[in-house]
Amino acid sequence: MRYAITYVSTASENLRSKDIDHLLDHCKTKNNSENITGILLYSDGNFFQIIEGEKDKIDHLFHKIEEDARHRGIIKIFERRIKNAAYDGYETDFITGQHRYEQEKFEHYLNYLQVLDEKSKKTVVTILKAFLK
């Protein structure tokens, strides 16, 4: 069975656009190579992430995330076993004022949530809507 953790956090004040671009690229490459799936979104000084994979890998990755000085104020939304992988790979996105809420992109992210139980799905959808608007 796979394991998933979802959280939000606030970026450090000294994090610049180029740093965020580098972080998103690195996470995408590294997580795809480790068979960790999910999404990492950045918008208006905040991160939203879903990571899923083998429990040991996810626990190890989340511990590293908690220690990362590039963000603070981590709020774990949920942590649990899931029956099926929701994501085909690992995706990242940098959402800016010009690249705001797009219904098609939002629907794309929502499609991945179908494997979650109803309570988790409702929570993630609510936060994702707030994050993207």
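A quick note: this is a predicted structure, and the numbers were derived from the prediction, not measured.

Draft legend 1. Just the nonpolar core, in detail. Ile5, Leu40, Phe47, Ile51, Ile58, Phe62 and Ile65 are the most contacted members of the largest nonpolar core, which totals 19 residues. Put simply, the parts of the chain that give this core at least two residues each are strand E1 (2–11), helix H1 (17–33), strand E2 (37–43), strand E3 (46–53) and helix H2 (55–67). If you look at the next biggest cluster of nonpolar residues, it comprises 15 residues, including Ala4, Val8, Leu110 and Leu116.

Draft legend 2. Focus on unusual backbone geometry. Not every positive phi belongs to a glycine, and Asn35 is a case in point at roughly 60°. Asn35 gets classed as partly exposed once you look at its relative accessible area, which sits at 47%. Positive phi is not limited to glycine here, since Asp44 has a value of about 50°. Looking at the element boundaries, Asp44 is found in the loop between E2 and E3. Residue classification places Asp44 among the exposed positions, given a relative accessible area of 56%.

Draft legend 3. Highlighting the environment of Leu61. Mapped onto the elements, Leu61 comes out in helix H2. Among the residues examined, Leu61 registers a relative accessible area of 15% and is labelled buried. When the C-alpha atoms of Leu61 and Asn31 are compared, they prove to be 9.4 Å apart, with 30 residues separating the residues in sequence. Once residues within four sequence positions are removed from consideration, Leu61 is found in contact with Asn31, Ile36 and Ile51.

Draft legend 4. Molecular detail of the pairing of E3. For E3, the tally of buried residues reaches seven of eight residues, placing the bulk of the element in the interior. Across eight bridges, the pairing between E1 and E3 is antiparallel. Looking across to E3, one finds that Thr6 is bridged to Ile50. Where E2 and E3 come together, seven bridges link them in antiparallel fashion. Along E3, the bridge assignment pairs Leu40 with Gln49. Remark: two residues form the turn of the hairpin made by E2 and E3, two consecutive strands paired antiparallel; Asp44 in that turn has positive phi of roughly 50°.

Draft legend 5. Highlighting the pattern of salt bridges. The tally for this structure, following the rule as stated, stands at five salt bridges. Arg72 is the partner of Glu13 in a salt bridge, and the nearest nitrogen-oxygen pair spans 2.3 Å. With Glu13 in the loop between E1 and H1 and Arg72 in strand E4 (residues 71–82), the pair connects residues that are 59 residues apart, well separated along the chain. Note that Asp59 is salt-bridged to Lys55, the shortest N-O span being 2.7 Å. Remark: Lys55 and Asp59 occur in helix H2; sequence separation between them is four residues, near one turn of the helix. By relative accessible area, Asp59 is classed as partly exposed at 29%.

Draft legend 6. Examining the side chain of Ser9 more closely. You can see Ser9 is positioned in strand E1. Taking the relative accessible area as the measure of exposure, Ser9 reaches 2% and is therefore buried. Within the structure, the side chain of Ser9 is placed 2.6 Å from the side chain of His71, a separation counted as a polar contact. For Ser9, the residues in contact, after removing those within four places along its chain, are Gly45, Asn46, Phe47, His71, Arg72, Gly73 and Ile74.

Conventions and cut-offs
Residues numbered from 1 in each chain as written. Predicted model: local features only at pLDDT ≥ 70, side-chain atom pairs only at ≥ 80, totals over all residues. Heavy atoms only, no water. Core = buried A, V, L, I, M, F, W, Y, C linked by side-chain atoms within 4.5 Å. Buried < 20%, exposed > 50% of the residue type's maximum accessible area, 1.4 Å probe, protein only. Helix = DSSP H or I, 4+ residues; strand = E, 2+ residues; numbered from the N terminus. Contact = heavy atoms within 4.5 Å. Pairing = 2+ DSSP bridges. Salt bridge = Lys/Arg side-chain N within 4 Å of Asp/Glu carboxyl O. Polar contact = N/O pair within 3.5 Å; in protein donor to acceptor, adjacent residues only side chain to side chain.

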